[in-house]
Amino acid sequence: MKSPTWAIIIGIFIVLFGSCGVSNNLQSINTPKMLEAQQEMMQNMSKGFNSPKLDSLDQNRPDSLADYSTNPEANEAFDEMSETMTNMFQMSEFTQRWTVRFGYIGVVVSLIYILGGVFLFVIKPFSIQLAYGALILSIIFGITQTIVLTMEPSSGFVALASGYSKIFGVVIDIVFLIVVATADKTAYAVQKE
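Residues numbered from 1 in each chain as written. Predicted model: local features only at pLDDT ≥ 70, side-chain atom pairs only at ≥ 80, totals over all residues. Heavy atoms only, no water.

1. A closer look at the environment of Ile139
Keep this limit in mind: Helix and strand labels come from DSSP, where a helix needs a run of H or I of at least four residues and a strand needs a run of E of at least two; each type is numbered from the N terminus. Only protein chains enter the accessibility calculation, which uses a 1.4 Å probe; a residue whose area is less than 20% of its type maximum is buried, one above 50% is exposed, and one in between is partly exposed. In what follows, residue pairs with any heavy atoms lying within 4.5 Å of each other are defined as contacts.
Relative to the elements of secondary structure, Ile139 occurs in helix H7 (residues 126-150). We classify Ile139 as buried; its relative accessible area is 11%. Sequence-wise, Ile139 and Lys166 are 27 residues apart; in three dimensions their C-alpha atoms are separated by 9.3 Å. Contact partners of Ile139, with chain neighbours within four places excluded, come to Val170, Asp173, Ile174 and Leu177.

Structure (structure tokens):
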């Protein structure tokens, strides 16, 4: 027996979103390293910009660049921009720790999610239960991430945005859950032969 059209469409979306979830969770695991590299890059840019070596090269550069490197207002503006960027990307130790933990847990949840989508293509009695379980697990995981990542007030914009972005995934999962719950599932009620 062939899978119903709704199951094929929802299954494809679940597999695609689950694959994106695996990728995002792998990035979450590397978040502390990326933040450290970003901070180091901003410090190096700041050091290079305020370097006395630039003053000796001023005669070889266009006037606008020479004026910019020796202009205290420009240096101050760059320092303010650097500080703003650092504050935006700042994450507390608590948030970094939980981001990495959620990354590892999220890989497993995303793989179960993908499995739930794949089994919508397979006409077995447990396929619907697996899809329900994967969607409910994903909803619970997304809500947990949102709560934990947004409860630390000292975290920067990126940490808060990461936490609140999980709400979008929860809404999508709820829509998928409603579709699966309300769709005609007679094709999956196959009797054992």
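Alright, that's what it looks like, and here's the rest.
2. Notes on the packing of helix H6 (residues 93-118) against H7
Our working rule: To get an axis, fit a line to the C-alpha atoms, keeping to the stretch in contact for a helix; angles then go from 0 to 180 degrees between the N-to-C directions. If an angle is under 35 degrees, it is roughly parallel; if it is over 145, roughly antiparallel; if it lies from 65 to 115, roughly perpendicular; otherwise it is oblique. In this scheme the handedness of a crossing depends on how the near helix is turned from the far one: anticlockwise by less than a right angle means left-handed, clockwise means right-handed. Throughout, the ten residues Ala, Val, Leu, Ile, Met, Phe, Trp, Tyr, Cys and Pro are labelled nonpolar, Asp, Glu, Lys and Arg are labelled charged, and all others, Gly among them, are labelled polar.
Here H6 crosses H7 at 165 degrees, and the two axes come no closer than 9 Å. For the element pair H6 / H7, the angle class is roughly antiparallel. Along this stretch, H6 crosses H7, giving a crossing that reads as left-handed. Across the interface between the two elements, Phe94, Thr95, Trp98, Thr99, Phe102, Ile105, Gly106, Val109, Ile112, Tyr113, Leu115 and Gly116 of H6 pack against Leu130, Ala131, Ala134, Leu135, Leu137, Ser138, Phe141, Thr144, Gln145, Val148 and Leu149 of H7. Looking at the contact of H6 with H7 residue by residue, the classes come out as 16 nonpolar, 7 polar and no charged.

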